[in-house]
Amino acid sequence: MHWKNSVLMTVLMGLVASGCSTKPGPTQSASTTTRFKIYSDEDQSSYVVRHLEETIFTIKATKWHDGARGAISLTYDAPWGVDPRFKQATNAAIKRNLCMDMEMVTSKYLSTSRRPLIDRIRRELLPNGVHVFGHGHTHVRHDELGFDAAYESFKTDFGLMVEWGLKPRAYAYPHSSGKHISTQLANKQAGFIAARGGTNNPDEYYICPADVREPDNWYFLPSVVMGIKDGGDIPSHQMLAPILARAETLDAWIILMYHSIGVPEGWAYYPLEEFERNLDYIADSSLWSGNLDDVAAYIQERNSLDINVVGFFGSALPKEFEMTISDHLDNAIYDQPLTFDLTFNPEIEVQKVYIDPSINGQSSFRVTDDQLRLHMVPDEKRYTLALED
């Protein structure tokens, strides 16, 4: 199969996804002899590639990773390793292959005795789906500090996390004290891409339900406050289960905020056995168990999606393409793979797709029932796709 040579004509097509207000419509080459077109839907997440009037394939970025029905992020406001009991929750999540996030109040890890915990976090947590989120250099109510002091706390927290190899992206406000616009602006300017708050209003639990593509506020994401005391709203799995079921129904993202899991004397204590029931429910659900920062990056990348296609062909139906998938975001920060569903015209009878360069070491992909699912980072890389019937 010839991938890049013997080309009679190359047509470069593209449609830049600049926002939800862009209207659908064809973008095509100036050449009227090829009539090669790529169409995008209104929200730029789905593209249709056509030659003349015949559809060759469509490519759609699913709303959530791997086509899940909704997403859930488990956030635990506790300094991992400081109390050995905090490991109970992370061990339970890792055992079930679920993702989870722990706080990082950087001042708590500066002492000589605690610095080895950073190495353990990198070694034991990060490779096993447990990330850390910024939580301030000190555990204070940042709304009470004013912009400058809040910024210094956020910036110090962010900078030390970078220095320690913890890849900071998401943040969570201690005491949910991030309601002021100045605090949120300080957090954004410090480098975080999203920040979690909390809510006592059940109507606010569900982020990006149905066709909603953006949270109301990236820098005060609502969360469900778990706990049987100290302001916790949800004390048991029995009370949480209907909330999780509704998140699936709404195809929404939901964030849970935990404290003191399995630590009875701790603030907002939540029983370990109830937490394990939560985990078992999530593991059996259709929700994407995603880290707070990964879900935020996925949404932002998908909303910035820009697919450009180059077709290699003469007068016959093209079988070879070059495709660039972009989001025009900083690849050092936004490196979350998006899920793409490709649907091929059944009359073409595509059996395999060859992709160069390979994706995670794989270059040959079998097409089943005219469908192919790929996970690709929108990092402006150009891929060659060859269709085999």
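Scroll up for the structure.
Computed from a prediction, not measured in an experiment: that's the story for all the values here.

A. Region of the structure containing the overall build of the protein. Along its length, the protein carries seven helices and 20 strands. Looking at the 389 residues of the protein, the share that counts as buried comes to 54%. Long-range contacts, defined here as pairs at least 24 residues apart, represent 73% of the contacts in the protein between residues at least 6 apart.

B. Summary view of helix H3 (residues 147-163). In a regular helix each residue adds 1.5 Å, so 17 residues correspond to 24 Å; H3 covers 24 Å between its end C-alpha atoms and thus fits that length. Burial in H3 covers these residues: Ala 150, Ser 153, Phe 154, Asp 157, Phe 158, Leu 160 and Met 161. Next to the buried residues of H3 lie strand E7 (100-104), strand E8 (130-134), strand E9 (170-172) and helix H4 (181-190). Of the residues trailing H3, Gly 165 is marked for its positive phi of about 75 degrees.

C. Structural detail: the pattern of salt bridges. Inspection of every chain in the model, using the stated rule, returns 19 salt bridges. Across the pair Asp 389 and Lys 319 runs a salt bridge whose closest N-O atoms are separated by 2.8 Å. Of this pair, Asp 389 sits in the segment after strand E20 (379-388) while Lys 319 sits in the loop between strand E14 (306-312) and strand E15 (320-326), placing them 70 residues apart in sequence. Exposure remark for Asp 389: the relative accessible area of 54% places this residue in the exposed category.

D. Highlighting the packing of aromatic side chains. Applying the stated criterion across every chain, the model contains 14 aromatic pairs. Judged by centre distance (5.4 Å) and plane angle (85 degrees), the rings of Phe 57 and Phe 321 are edge-to-face. Linking Phe 57 in strand E5 (residues 54-61) with Phe 321 in strand E15, this pair joins segments that are 264 residues apart in sequence. The pair formed by Phe 57 and Phe 321 is uniform in burial state, with each residue classed as buried. Measuring from ring centre to ring centre gives 5.3 Å for Tyr 171 and Tyr 173, while their planes differ by 65 degrees; the resulting arrangement is edge-to-face. Its relative accessible area of 0% is what places Tyr 173 among the buried residues. An aromatic cluster of three or more residues is present, and its members are Phe 154, Phe 158, Tyr 171, Tyr 173, Phe 192 and Phe 220.

E. The arrangement of the pairing of E15 in detail. Of all seven residues in E15, seven are buried, a share of seventy percent or more. Along E15, one buried face is formed by Glu 320, Glu 322, Thr 324 and Ser 326 and the opposite face, lined by Phe 321, Met 323 and Ile 325, is buried too. Where E15 and E20 come together, six bridges link them in antiparallel fashion. Note on E20: the bridge partner recorded for Thr 324 is Arg 382.

F. Representation of the pairing of E7 within the structure. Judged by how many residues are buried, E7 sits mostly within the fold: five of five residues are covered. When strand E6 (residues 71-76) meets E7, the two strands line up parallel, connected through two bridges. Bridge assignment links Tyr 76 to a residue of E7, and that residue is Met 102. Taking the sense of rotation as the criterion, the β-α-β connection linking E6, helix H1 (residues 87-95) and E7 turns out right-handed. In the sheet, E7 pairs with E8 via five bridges, with the strands oriented parallel. Within E8, the position partnered with Met 104 by the bridge is Gly 134.

G. Region of the structure containing the packing of H3 against H4. Where H3 contacts H4, the axes come no closer than 8 Å and their chain directions differ by 30 degrees. The orientation of H3 relative to H4 falls into the category roughly parallel. Taken as a pair, H3 and H4 cross one another with a handedness that is right-handed. Taking contact as the criterion, the partners of Phe 147, Ala 150, Tyr 151, Phe 154, Lys 155 and Phe 158 in H3 are, on H4, Ser 182, Thr 183, Leu 185, Ala 186, Asn 187, Gln 189 and Ala 190. Class assignment of the residues belonging to the contact of H3 with H4 gives a composition of eight nonpolar, four polar and one charged.

H. Up close: the nonpolar core. Judged by nonpolar contacts, the single largest core of 60 residues is most densely connected at Ile 59, Trp 64, Trp 253, Ile 307, Phe 340, Phe 344 and Val 353. Broken down by element, this core gets its largest block of residues, six residues, from helix H7 (residues 292-303). By size, the runner-up hydrophobic cluster in this structure holds 45 residues, among which are Trp 164, Tyr 205, Ile 234 and Leu 287.

I. Broad picture of the packing of helix H5 (residues 237-250) against helix H6 (residues 272-284). Two numbers describe how H5 lies on H6: the axes approach to 10 Å, and their chain directions differ by 25 degrees. The orientation of H5 relative to H6 falls into the category roughly parallel. In the crossing of H5 with H6, the sense of the turn from one axis to the other is right-handed. In this structure, H5 uses His 237, Gln 238, Leu 240, Ala 241, Leu 244, Ala 245 and Glu 248 to contact H6, whose residues at the interface are Glu 274, Arg 277, Asn 278, Tyr 281 and Ile 282. Classifying every residue of the contact of H5 with H6 by side-chain character gives six nonpolar, three polar and three charged.

J. How the structure looks around unusual backbone geometry. Residue Pro 357 follows Asp 356 across a cis peptide bond; omega there is 0 degrees. Among the secondary structure elements, Pro 357 is positioned in strand E17 (residues 352-359). We note that Ala 268 has phi near 55 degrees; this positive angle belongs to a residue other than glycine. The topology assignment puts Ala 268 in the loop between strand E12 (253-258) and H6.

Procedures and definitions
Residues numbered from 1 in each chain as written. Predicted model: local features only at pLDDT ≥ 70, side-chain atom pairs only at ≥ 80, totals over all residues. Heavy atoms only, no water. Helix = DSSP H or I, 4+ residues; strand = E, 2+ residues; numbered from the N terminus. Buried < 20%, exposed > 50% of the residue type's maximum accessible area, 1.4 Å probe, protein only. Contact = heavy atoms within 4.5 Å. Expected span 1.5 Å × (residues − 1). Salt bridge = Lys/Arg side-chain N within 4 Å of Asp/Glu carboxyl O. Phe/Tyr/Trp six-rings, centres within 6.5 Å; stacked < 30°, edge-to-face > 60°. Pairing = 2+ DSSP bridges. Right-handed = clockwise from strand over helix to strand, strands pointing away. Axes fitted to C-alpha atoms, helices over the stretch in contact; angles between N-to-C directions. Parallel < 35°, antiparallel > 145°, perpendicular 65-115°, else oblique. Left-handed = near helix turned anticlockwise from the far one by under 90°. Nonpolar A, V, L, I, M, F, W, Y, C, P; charged D, E, K, R; others polar. Core = buried A, V, L, I, M, F, W, Y, C linked by side-chain atoms within 4.5 Å.

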